[in-house]
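# A closer look at the structure
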Amino acid sequence: MSQKPTLPGDKIAIIEEFEMGDNTFDDGQSIRSLVVGTPEFDKTNRIAKINEMRRPAVAKSGDVITGNISALMNNMFAINILYINGKPTHSGLECICQAKGAKKRILVRVGDIVTAKILNLLNGVVHATINEPELGVLFTQCNKCGAKVIAMGSNIKCIDCGYIEERKLSTRFGNSDFIKFNSN
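Residue numbers restart at each chain and count upward from 1, following the sequence in its written direction. Where totals are concerned, whole chains, interfaces and linings use all residues; where local detail is concerned, this predicted model gives features only for residues with pLDDT of at least 70, and gives and counts side-chain atom pairs only at 80 or more. To get the side-chain values, take all heavy atoms of the structure and skip hydrogens and water.

## Describing the sheet that holds strand E15 (residues 155-158)
At least two DSSP bridges between two strands are required for those strands to pair. Numbering of helices and strands starts at the N terminus; helices are DSSP runs of H or I of at least 4 residues and strands are runs of E of at least 2. Spatially, E14-E15-E16 is the arrangement adopted by the three strands of the open sheet, whose pairing is antiparallel. Each edge of the open sheet carries a strand with a single partner, namely strand E14 (149-152) and strand E16 (164-166). Neighbouring strand axes in the sheet, compared pairwise and without regard to direction, differ in orientation by 30° on average. For E15 and E16, the ladder comprises three bridges, and the chain directions are antiparallel. Within the sheet, the bridge partner assigned to Ile156 lies in E16 and is Glu165. The angle between two axes is taken between their N-to-C directions and runs from 0 to 180 degrees, where each axis is a line fitted to C-alpha atoms and a helix contributes only its stretch in contact.

In structure tokens, the structure reads:
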């Protein structure tokens, strides 16, 4: 029985010696870790548990996330979550937004930085929306030449080539405190 940090799936004890405690599971022969952490053994009650080191940040219903568009699909798009309620996260999680009416409108493009609200976690998938005025694209570049753009109502216009394209812009578009990428 080791006191070194464990990874999910690591064997920490055998079922003849201990019972499952917090953050453990029984595979039929052994007690194994569910999380990254350090094992703790209660020898009086014969319970093995794992003290979790760090829980990854997972967005919950109602949280506001900020991230970049990683994929466009039929009537939906994926957002790589970078911030949850303004705090950075390195979880590598993505959420899915339904893009109702996307065949008629271009809501977002891959690489856009957007803000969205989490609706729910259903079947292991985080679902979000950009349907509120303050939600949507915070930063984008021209789809044709990659230059800076300005907002014109619900459209964006390139300041170099003049290309105009529709997007679902946040009311905070262009006013956010995000680092704007150099488009030169």
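Back to the text.
## A few points about the pairing of strand E8 (residues 76-84)
Pairing of strand E7 (residues 64-73) with E8 involves eight bridges; the strand directions are antiparallel. For Gly67, the partnering residue across the bridge sits in E8 and is Ile81. Hairpin geometry of E7 and E8 is characterised by an intervening segment of two residues between the two adjacent antiparallel strands and by a positive phi of about 60° at Asn75. Bridge count between E8 and strand E10 (residues 94-98): five bridges; the pairing is antiparallel. Of the residues in E10, the one forming a bridge with Phe77 is Cys97. Of the strand pairs in this sheet, E8 and strand E9 (residues 87-88) are connected by two bridges, and their pairing is antiparallel. Across the sheet, the residue bridging to Tyr83 is Pro88, located in E9. Where E8 folds back onto E9 in an antiparallel hairpin, the turn is made up of two residues, including Asn85, whose phi is positive at roughly 50°.

## Re the nonpolar core
Residues belong to a common nonpolar core when they are buried Ala, Val, Leu, Ile, Met, Phe, Trp, Tyr or Cys residues joined through side-chain atoms within 4.5 Å. In this scheme, a residue with accessible area under 20% of its type's maximum is buried, one over 50% is exposed, and one in between is partly exposed, where area comes from a 1.4 Å probe on protein chains only. Ile65, Phe77, Ile79, Cys95 and Val108 are the most contacted members of the largest nonpolar core, which has 27 residues in total. At the level of elements, E7, E8, E10, strand E11 (113-122), strand E12 (125-129) and E15 are the ones that each hand at least two residues to this core. Counting eight residues, the second largest nonpolar core, distinct from the first, contains Ile31, Phe41, Ala48 and Ile50.

## Section: the confidence of the model for the chain
Per residue, pLDDT measures the predictor's confidence, with a range of 0 to 100. Of all residues in the chain, 89% attain a pLDDT of 70 or more, and the chain-wide mean is 86. Across residues 179-184, where pLDDT falls below 50, the model places 10 contacts with residues more than four positions away in sequence or in other chains. We call two residues contacting when some pair of their heavy atoms lies within 4.5 Å.

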